[in-house]
Amino acid sequence: MIYGVILAGGIGSRMGGEKPKQYLTVKNKPIIIYTIEKFLSCSEFDEIIVLCPSQWTEHTKNIIKKYLGPALEKIAVVEGGSTRNETIMNAIDYIEANGELDDDTIIVTHDSVRPFVTHRIIKENIAACRKYSACDTVIAATDTIVEAANGKEISNIPNRSIMYQGQTPQSFKAKKLKNAYNSLTDAEKDILTDAAKILVLKGERVALVDGETFNIKITYPYDLKIMKSLLECEE
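Below, the structure is looked at part by part. Keep in mind that this is a model prediction, so the values were computed, not measured.

## Thoughts on the state of the cysteines
And then number 1: Counted by the stated rule, this structure contains zero disulfides.
And then number 2: Free of any disulfide, Cys42 has its nearest cysteine sulfur in Cys135, 13 Å distant.
And then number 3: Exposure remark for Cys42: the relative accessible area of 0% places this residue in the buried category.

## A look at the packing of aromatic side chains
The way to describe two aromatic rings as a pair is by their centre distance and the angle between their planes.
And then number 1: On inspection of all chains with the given rule, the structure shows two aromatic pairs.
And then number 2: Ring geometry for Tyr23 and Trp56: centres 4.9 Å apart, planes at 15°, overall stacked. Of this pair, Tyr23 sits in the loop between strand S1 (2-7) and strand S2 (25-26) while Trp56 sits in the loop between strand S4 (47-52) and helix H2 (57-68); the two residues are 33 residues apart in sequence, bridging distant segments of the chain. Exposure class is identical for Tyr23 and Trp56. Each is buried.
And then number 3: A cation over an aromatic ring shows up here: Lys29 above the ring of Tyr34, its NZ or CZ 4.6 Å from the ring centre.

## Considering the side chain of Thr105
And then number 1: In this structure, Thr105 sits in the loop between helix H3 (84-98) and strand S6 (106-111).
And then number 2: By relative accessible area, Thr105 is classed as buried at 0%.

## Focus: helix H8 (residues 221-234)
And then number 1: Between its first and last C-alpha, H8 extends 21 Å over 14 residues, near the 20 Å set by a 1.5 Å rise per residue.
And then number 2: Within the span of H8, buried status applies to Asp223, Leu224, Met227 and Leu231. The buried residues of H8 all sit within an arc of 105° when viewed along its axis, so they share a single face. Summarising the geometry of H8, the exposed residues directed more than 90 degrees from the buried face are Tyr222, Lys225 and Cys233.

Quick notes on the rules
- Residues numbered from 1 in each chain as written.
- Predicted model: local features only at pLDDT ≥ 70, side-chain atom pairs only at ≥ 80, totals over all residues.
- Heavy atoms only, no water.
- Disulfide = S-S within 2.5 Å.
- Buried < 20%, exposed > 50% of the residue type's maximum accessible area, 1.4 Å probe, protein only.
- Phe/Tyr/Trp six-rings, centres within 6.5 Å; stacked < 30°, edge-to-face > 60°.
- Helix = DSSP H or I, 4+ residues; strand = E, 2+ residues; numbered from the N terminus.
- Lys NZ or Arg CZ within 6 Å of the ring centre and 35° of its normal.
- Expected span 1.5 Å × (residues − 1).
- Arc of directions from axis to C-beta.

Below you can see the structure in the form of structure tokens.
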């Protein structure tokens, strides 16, 4: 089975304000609803799991009912964890308890605040995950990447031609990801920056899927202006 896993656990501190950024309204609709709609448009998903902070669970259910009422039976709202990876593990635990978790179960994990993901990206994630067991959506780095180990001086300038910027979705064979995560030491878990690194640390192959420059993450107030402009271009 294939599950869409939408990660809405962030509190949006960089955006400012009291409401997490995924619930901000842009052109009369919350950002998270745009993202869920993209996943609903893909018939490959057996179920879509939305993970959010416990205090926002009821609000999430209410706005899904308001904007996506007919699709409610295909969407589950689940409490997230204290970290991104724990949130993904909560999704896998939900699948194990309520659905079907076996060696072929696929999860397509995606930021709730990346509303411009395309059907092509999602389908290629699923195809790559079937072949490799894991994949990451990326775009080639266009700017020079500068490494500064101490945060003050350049320590290295990597070869830009082999550098990529990570986006989402990131997709995994769910059972393999859970087993790999549970086998990590506490020290290894402390250095995790995203879920793909779990499998990289275990020597597993993680395929690349081409992203899009417009598959942006809404993080800062300026990004809201970009989102509005992109939505107007789609009209």
